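# Remarks on the overall topology
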Amino acid sequence: MNHFLTERLNRRGFLRMAGASTVGAAVLAACRKAENVGGGATGTSGAAVHPPIGQEPGNLQVFDWSGYGNGDYYPDKERLGLWQQYADATGDTPQFILFANDDAGYTKAATGAVRFDVVHPCFYKYRDWVDLGAVQPWDTSLISNFSSLNPKLQQQGILDGKQYFIPLDWGFIAPIVNLDHVDVKEETFGILFDDRYAGKISWVDTSNMMYIGGLFLGVSNAFDMTDDELAQVRDFLISKKHLVKFLWNQSYDFWLSFKKEEVWIGYAWPDTVGYADAAGMNYMYMTPKEGRVSWVCGMGLAADTENYRHAHAYVDSWASTKAAEFLLAWYYYGHTNTEADLSVVSPGVVAALGLDDPTVLDPPKAIPESYIPRRDLYQQYWSEVLAS
Amino acid sequence: MTAGLLSAPMLWLLLFFVAPVVYVAAYSLGAIKLFPADTGVISFDDWRHFLAGGSVYLGLFWKSIRISLTVSIVVVLLSYPIGYFLALCVRRMKYVLLLLVIVPFLTSFLLRVLAWKVILGDRGILNSLLFSLHVRSPDDPISWLLYSQFAVMLVLAYVWIPFVALPIFVSLNNLDRSLLEAASDLGANRWKTFFRVTLPLSAPGLLAAFIFVFVPTIGEFVTPLLVGGPSGYLFGNAIQDLFTRGTDWQTGSVLAMFLLLVVAALMALFGRFVQVRAVTSD
Amino acid sequence: MEIATSKGARVWLTVFFWLLVVFLYLPIAFLALFSFNAGDPSFPLSGFTTHWFTDVLSNDSLIGSLRHSAVVATASSLIAVALGVMVSFALLRRRFFGKPAVSALVFSPLVIPYLVFGISLLLVFALVDKVLTAWFGSYIGLGLHAVVIGHVVVALPYTILTILPLLERLSVSLEEAAKDLGASSRETFRRVTFPLLMPALISAFLIAFTLSFDEYAIASFLAGSQETWPVFLFSQLRVPSLLPQLIAVSSLIFIASMLLVLSAEMGRRIAERRYGSEYAARGFI
């Protein structure tokens, strides 16, 4: 199965969509912005001399989602898979600071309310983090596993010509439905807005619902909607809000509810698929006609970190095949390491995630989550949806 | 000597209470911005936008008022008989029984909300009890118990009843019995005595009880987060989200200052009718 | 009490009272019940077990958060009591201009919603850090110290409300007598006033402690990576993978707070014997 994953990750289709267009656009935008951003934030690391690792304070501060090493979901496995290599190499134990979601994490950093060494945002926020001046480029020569990582996906982490982020984990966003109770007429995001299933639906609790609504309503670019389109999506979401049982922040929250059949339909990440498969549920992880949204997240290095080499060792641990196999086996997330062993994943999950389908990441089947230039406006309209 | 005594407390309050509040006020007026790329100019635009009903938040505020009002009235109605019972019908175990009522309030608020989350869910204690008693089938739980405005009101009422029983009890306990006797001597039956003597005299306690629950619940955001679901979203939640999700701190500050002003105004208004010390000391 | 209620009314009231007490305690009783339940907290029961309690002991982040809360509560209560004593003395034993203003100021934290206050402190800390980073290249950051600061502010009115009444009752003549006998101000305080104030100080400390230990809103904005117990509990409530453990701890905490209240009640009875029933009636409530 190995070569299927490799083949798919190397797919030009994915690069064509996610890589070329978005990175290209981002680079163009970056060129324009480069004049505004001060030299210090995007300064080259070549000029700075970094002390040997023994002189660094240690106690690496990792700003991340829950369950990515802090042990909320799999206390031992998270450690063994994700950062045991780091602990063995440096003798340091990382400290985890959690954010509820990408937006909350970014806000905390923007207000200076958090000090971190390493941060783990997703592709559509990379631009925001770089503009904030909160991150500095990595020195990939210090990351031994870097050569095993898919080079085309690594391009996503290059902004302004520098490797600000190391893309590591990826997955999808699509509706998951309980086939025992839901009659699927058509695979579409519209199932999240289906009047037949009032009170049995769960949405995610972020402004991402705005672009989901946009995709369903068929706007031209869901990640850069016009004011009219945004208002339209807002009103649509408001009209459908009564169908929603609850909004979730952490995936496991949603899973527990899905498992108990309190909700039958939900906006879901691949880990839910894995749990559902392991529990023997009769589920469908849709490939919506609008396209499954795909996300890629990666590690960023804090601009003012004192743990330069520690951070690189941490990313190295995350980039290893061990980490890849952990994420695959337990969260059913993809990983950018091309040498991971795919046999750790059950066939049911392979089918649901299309791991053996070389075209699963090509359009129109998949849409990468892209940079949202007017994020604040999306947030504002989403707040209005919540408040109505 | 006085300066010495007061310097530490005053400094603490000035630095850590007055200054922050002023800072939020400045934020709401646009004098300070999160990303000072734009100049900070004092403008009332955000306030005007909010107050004129331009955004959804004013409607959300009235929703919160409506819910707080409902909860407060229900809580006072339920607590009054408790206070009455303890003050006027019990002789020996008065304070022990009062303690029995109050103790839950002194335990963790979050834990009590947790208890209700466990009770009210579709597969929670109440529903699973109904399933095992075959009153309802597992496919058809009572689903409006949790993640609803009902859940928010129920939990808030549950949390506040113990606390609110106290001022009612205190004012009834201090009732001059001889007044009741006098009324009785003058020929009034018990209902008349109640409505024309007891109730009016206990009004300060009633009012204090009402304020004790009404004012804090206007800004409540924790309970809605845990049991409110999408329809239980309240004004406090909007404030919290504006500060933690996005960078629109101007609007967040406007809402926060508005809440503060409303609460302060209410306290000042009611303060004319109720002496805080009179209720808590005697 | 026949004047106030008829016999029939009294029966109804008694029934109502006990029904309400049951209503108040039932959720807590359920928590206690399910802390011994082997499976999820729902009927039917899955069997008796005590392993949730032992699991709690090995849950580092849970224990850590309890520890953080204890530290924060102790520190903020001590400071709040100390400041409360100062303010009470100033308000009662001293004459100065602007007493109503000072009075209003020290009680105003009662008014502010903790949500707003937490946010405002967050803003101020962010500002201070920005300034410090720009000037000195260092920062203070958020954390338990910030939570302590916030909790002192909100606890202060309560400590004053507790200490003030007792201080008022203590006869000034006792202090004057001590001074006549040659004691300095400091000695008078240490050997006469302070011991007499002790019941109120303890009450104030307990109130402030309870307030701080359970406080969520302010802590949620100001705690950095070191979570306090309510912040930890809240984050786990939204990811109920550890629900039975939380239920187990909650039962323990409830018992602990019951014991605390009982001991406070006993303290009140002791004070009653010492100072007469008038003080006891006020008690610490």
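Note that the coordinates shown come from a computational prediction; the quantities given were computed from them, not determined experimentally.

Scoring rules and cut-offs
Residues numbered from 1 in each chain as written. Chains lettered and ligands numbered in written order. Predicted model: local features only at pLDDT ≥ 70, side-chain atom pairs only at ≥ 80, totals over all residues. Helix = DSSP H or I, 4+ residues; strand = E, 2+ residues; numbered from the N terminus. Expected span 1.5 Å × (residues − 1). Buried ≥ 20, exposed ≤ 12 C-beta atoms within 10 Å, placed from the backbone. Arc of directions from axis to C-beta. Contact = placed C-beta atoms within 7 Å. Nonpolar A, V, L, I, M, F, W, Y, C, P; charged D, E, K, R; others polar. Axes fitted to C-alpha atoms, helices over the stretch in contact; angles between N-to-C directions. Parallel < 35°, antiparallel > 145°, perpendicular 65-115°, else oblique. Left-handed = near helix turned anticlockwise from the far one by under 90°.

## Considering helix H8 (residues 227-240) of chain A
Residues and elements named next belong to chain A. Taking 1.5 Å of rise per residue, 14 residues should cover 20 Å, and H8 covers 20 Å from first to last C-alpha, within 8% of that figure. Of the residues making up H8, those classed as buried are Leu-230, Val-233, Arg-234, Leu-237 and Lys-240. For H8, the arc enclosing every buried residue in end-on projection is 135°, short of the 170-degree limit, so these residues lie on one face. Facing away from the buried side of H8 by over 90 degrees, the exposed positions are Asp-227, Asp-228 and Ser-239. Against helix H7 (208-217) and helix H14 (375-387) lie the buried residues of H8.

## Considering the interface of chain B and chain A
Each partner contributes residues to the interface: chain B has 20 residues there, and chain A has 21 residues. Elements with a contribution of two residues or more to the side of chain B that touches chain A: helix H3 (57-89) and helix H12 (235-244) of chain B. Looking at which element gives the most residues to the side of chain B that touches chain A, the answer is H12(B), with four residues. A per-class count over the side of chain B that touches chain A returns nine nonpolar, six polar and five charged.

## With respect to the interface of chain B and chain C
Chain B puts 69 residues into the contact, and the matching count from chain C is 66 residues. The leading source of residues in the side of chain B that touches chain C is helix H1 (residues 2-28) of chain B, at 15 residues. Residues that form the side of chain B that touches chain C fall into these classes: 52 nonpolar, twelve polar and five charged.

## Some details on unusual backbone geometry
All names here are of chain A. Here the phi dihedral of Glu-261 falls at roughly 60°; this positive angle occurs in a residue that is not glycine. The topology assignment puts Glu-261 in the loop between helix H9 (251-259) and strand S10 (265-268). Of note, Tyr-332 is a non-glycine position whose phi angle comes to about 60°, a positive value. C-beta crowding within 10 Å serves as the criterion here: with 27 such atoms nearby, Tyr-332 is assigned to the buried category.

## Describing the packing of helix H5 (residues 109-120) of chain B against helix H7 (residues 149-173) of chain B
All names here are of chain B. Viewed as axis vectors pointing N to C, H5 and H7 meet at an angle of 135°, and their least axial separation amounts to 10 Å. Accordingly, the angle class assigned to the pair H5 and H7 is oblique. Seen along the crossing, H5 lies across H7 with a hand that is right-handed. Listed contacts from H7 to Phe-109, Arg-112, Val-113, Trp-116 and Leu-120 of H5 are Ala-151, Val-155, Tyr-158 and Val-159.

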